[in-house]
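Read off the chains here:
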Amino acid sequence: MQRRTFIYRAALAGIAVQLPIGADAETPHSEFNRDSTADEVTAGLNLTGKTAVVTGCNSGIGFETMRVLARRGAHVIGTARTLEKGKEACGKVSGKTTPVALELTDFDSVVACANVIRTLNVNIDMLILNAGIILGDWQQVNGIEKQFVVNHLGHFILTQRLLDRVTSAAQGRVVVVGSGNHRDAPEGGIQFNDLSGRDWYRRGYAHSKLANGLFSLELSQRLARTRATSNCLTPGPVDTNIRRDLPASATPPNLKSPTQGAATVCYVATQPSLAQVNGEYFADCNPAPQSKQQTDRAMATKLWRMSTELTRRHLI
Ligand SMILES: NC(=O)c1ccc[n+]([C@@H]2O[C@H](COP(=O)([O-])OP(=O)(O)OC[C@H]3O[C@@H](n4cnc5c(N)ncnc54)[C@H](OP(=O)(O)O)[C@@H]3O)[C@@H](O)[C@H]2O)c1
């Protein structure tokens, strides 16, 4: 029986559904491409009654994602580093939005953000881990390279603290905004023996984006007996604020617009045909090749264990 049919029948019968994600489920392809916009890939969808959390809602891809999901009827809980920034961003968007403060370098702030979201008493249909930074120099947070902290560890805590709300949604999705840049991670991948960044900070962004991909992979395994899924994607090169700390020469040509950049995010978060797709990697609204390291299950499991150790005090 199709997994979806089973879910409907089980729901009608009023029983809880605990289904394995079909390992044989082929990832559907779409007609969308590099030029598609978030508005186009969500055209015709009615997201009324659904709730999305979007981190980094005040800028670039996160803002466009929030705008379009709210336009389609979803309630979007948008996080920004300050409540003021979140309010300002939400004020620019039509539809139902709720701003929440989230500063990913401060794990107490991550816990507080999760607690605020929990008090809203909603299931989370889409948990979109979008906020991120690229640094041009070596910076640390409590001795750990900063991009790894912001792009990976902060989101690791947030996800753990909200995961029960995702798994209790009809079909919850964790959507991890990674990057094609994960291929440039330091030799050996995740630097388990030295997270200081001293010897590899120039590849620190790629290192953190590899961590995003591996996090999604391990999470997909852990969600395998639930209705929820986790997938990672690259938005492609997009014209946003993310390169603000880099020299102009670091900006690649032919950037996508922010709404083109948000297309794959919105596609993976909402496309009905992806309900059973778990542990996949997408680019331009289609399944995409990734590095061998980003599919390394042993590395993914090891990263999960280390992340748990590093954030233990802030996990539930
Ligand atoms: N743009 C690209 O070419 C590209 C390519 C591949 C992947 N990506 C990924 O796409 C995602 C979105 O980036 P973007 O291009 O839209 O960049 P952006 O315009 O700079 O937006 C990044 C968002 O993250 C927030 N943020 C930064 N540091 C944070 C912190 N410490 N705590 C909480 N939030 C923080 C920013 O808040 P502030 O505005 O307050 O700083 C902003 O809302 C990132 O994960 C990035 O790695 C982007």
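Every value quoted in this text rests on a predicted model; they were computed, and no experiment measured them.

**Points about the overall build of the protein**
On a plain count of helices and strands, the protein comes out with nine helices and ten strands. Against the 2.2 N^0.38 benchmark of 20 Å for 316 residues, the protein shows a C-alpha radius of gyration of 18 Å, consistent with a compact globule. The C-alpha extent of the protein, read off along each of the three principal axes, is 55 × 40 × 40 Å. A burial count over the protein gives 49% of its 316 residues as buried.

**As for the site of the ligand**
Taken together, 27 residues form the shell around the ligand, and within it Gly 56, Gly 60, Ala 131, Gly 132 and Thr 240 come nearest. Here the shell around the ligand is built from residues that sort into twelve nonpolar, twelve polar and three charged.

**Details of the packing of helix 6 (residues 146-167) against helix 9 (residues 297-311)**
At a minimum axis separation of 10 Å, helix 6 and helix 9 run at an interaxial angle of 80°. For the element pair helix 6 / helix 9, the angle class is roughly perpendicular. From helix 6, Leu 153, Phe 156 and Ile 157 reach across to helix 9, where they touch Ser 307, Leu 310 and Thr 311. Here the residues of the contact of helix 6 with helix 9 sort into four nonpolar, two polar and no charged.

**A look at helix 4 (residues 83-91)**
Considered for burial, the residues of helix 4 that qualify are Gly 86, Ala 89 and Cys 90. For helix 4, the arc enclosing every buried residue in end-on projection is 95°, short of the 170-degree limit, so these residues lie on one face. Across helix 4 from its buried face, at more than 90 degrees, point the exposed residues Glu 84 and Gly 91. Against the buried residues of helix 4 lie helix 3 (60-71), strand 2 (75-80) and strand 3 (97-101).

**Looking at the environment of Cys 285**
As for its placement among the helices and strands, Cys 285 is situated in the loop between strand 9 (281-283) and strand 10 (286-287). In the structure, Cys 285 is positioned 256 residues away from His 29 in sequence and 7.8 Å away in space, judged by C-alpha atoms.

**Let's talk about the sheet that holds strand 4 (residues 126-129)**
Sheet strands pair via backbone hydrogen bonds, and the direction of the pair is either parallel or antiparallel. Across the sheet, eight strands lie side by side as 3-2-1-4-7-8-9-10; this open sheet has mixed pairing. Strands with a single pairing partner mark the edges of an open sheet, and in this sheet they are strand 3 and strand 10. Relative to strand 8 (residues 229-234), strand 7 (residues 173-177) runs parallel, the two sharing five bridges. Looking at strand 8, one finds that Val 176 is bridged to Cys 232. Along the sheet, helix 7 (residues 204-222) contacts strand 7, strand 8 and strand 9; its crossing angle with strand 8, the most-contacted strand, is approximately 160°.

**Let's talk about the environment of Leu 310**
Here Leu 310 lies in helix 9. Looking at Leu 310, the number of C-beta atoms within 10 Å reads 19, which means it is partly exposed. When the C-alpha positions of Leu 310 and Arg 161 are compared, they lie 15 Å apart, and in sequence the two are 149 residues distant.

**Observations concerning the packing of helix 7 against helix 9**
Across the interface, helix 7 lies against helix 9 with an axial gap of 8 Å and an inter-helix angle of 95°. The orientation of helix 7 relative to helix 9 falls into the category roughly perpendicular. Of the residues in helix 9, those in contact with Ala 211, Leu 214, Phe 215, Leu 217 and Glu 218 of helix 7 are Arg 297, Met 299, Ala 300, Thr 301, Leu 303 and Trp 304. Residues of the contact of helix 7 with helix 9, tallied by class, amount to eight nonpolar, one polar and two charged.

**Here's the deal with unusual backbone geometry**
Located in the positive-phi region is Asn 142, a residue other than glycine, with phi close to 50°. Its identity is not glycine, yet Cys 285 carries a phi of approximately 60°, on the positive side. On the basis of neighbour count, Cys 285 is assigned to the buried category, with 23 C-beta atoms found within 10 Å.

**Examining the nonpolar core**
Residues Ala 52, Leu 127, Ile 128, Val 175, Val 265 and Cys 266 are the most contacted members of the largest nonpolar core, which totals 80 residues. Excluding its chain neighbours within four sequence positions, the residues that come into contact with Leu 127 are Val 53, Thr 159, Leu 162, Val 166, Val 174 and Val 175.

**Some details on the pairing of strand 7**
Judged by how many residues are buried, strand 7 sits mostly within the fold: five of five residues are covered. Every second residue of strand 7 is oriented toward a common face, with Arg 173, Val 175 and Val 177 on one face and Val 174 and Val 176 on the other, all of them buried. Alignment of strand 4 against strand 7, held across four bridges, turns out to be parallel. Each residue of the ladder has a partner; that of Leu 129, found in strand 7, is Val 176. With respect to chirality, the unit in which strand 7 leads through helix 7 into the neighbouring parallel strand 8 is right-handed.

The rules behind the values
- Residue indices begin from 1 for each chain and proceed along its sequence in written order.
- In view of the model being predicted, local features appear only for residues whose pLDDT reaches at least 70, and side-chain atom pairs are presented and counted only at 80 or more, with totals across whole chains, interfaces and linings using the full set of residues.
- Helix numbering and strand numbering both begin at the N terminus, where a helix is a DSSP run of H or I of at least 4 residues and a strand a DSSP run of E of at least 2.
- Radius of gyration: C-alpha atoms only; globule rule: 2.2 Å multiplied by the number of residues to the exponent 0.38.
- Burial is judged by counting other C-beta atoms within 10 Å of a residue's own C-beta: 20 or more means buried, 12 or fewer means exposed, and anything between counts as partly exposed, with every C-beta placed from the backbone.
- Each residue receives a C-beta atom placed from its backbone. It is near a molecule or strand if this atom lies within 6 Å of it.
- Note that Gly is not counted as nonpolar here; it falls among the polar residues with everything else outside the nonpolar set of Ala, Val, Leu, Ile, Met, Phe, Trp, Tyr, Cys and Pro and the charged set of Asp, Glu, Lys and Arg.
- Here an angle of 0 to 180 degrees is reported between the N-to-C directions of two axes, which are lines fitted to C-alpha atoms, with helices fitted over the stretch in contact.
- Between 65 and 115 degrees an angle is taken as roughly perpendicular, under 35 as roughly parallel, over 145 as roughly antiparallel, and anywhere else as oblique.
- C-beta atoms are first placed from the backbone for all residues, and any pair lying within 7 Å is then listed as a contact.
- Relevant arc is that of directions from the helix axis to the C-beta atoms, nothing else.
- Pairing between strands is defined by DSSP: at least two bridges between the two strands are required.
- A set of buried Ala, Val, Leu, Ile, Met, Phe, Trp, Tyr and Cys residues, joined to one another through C-beta atoms within 7 Å, is what we call a nonpolar core.
- By convention, a crossover is right-handed whenever its connection, traced from the first strand over the helix to the second and viewed with the strands pointing away, goes clockwise.

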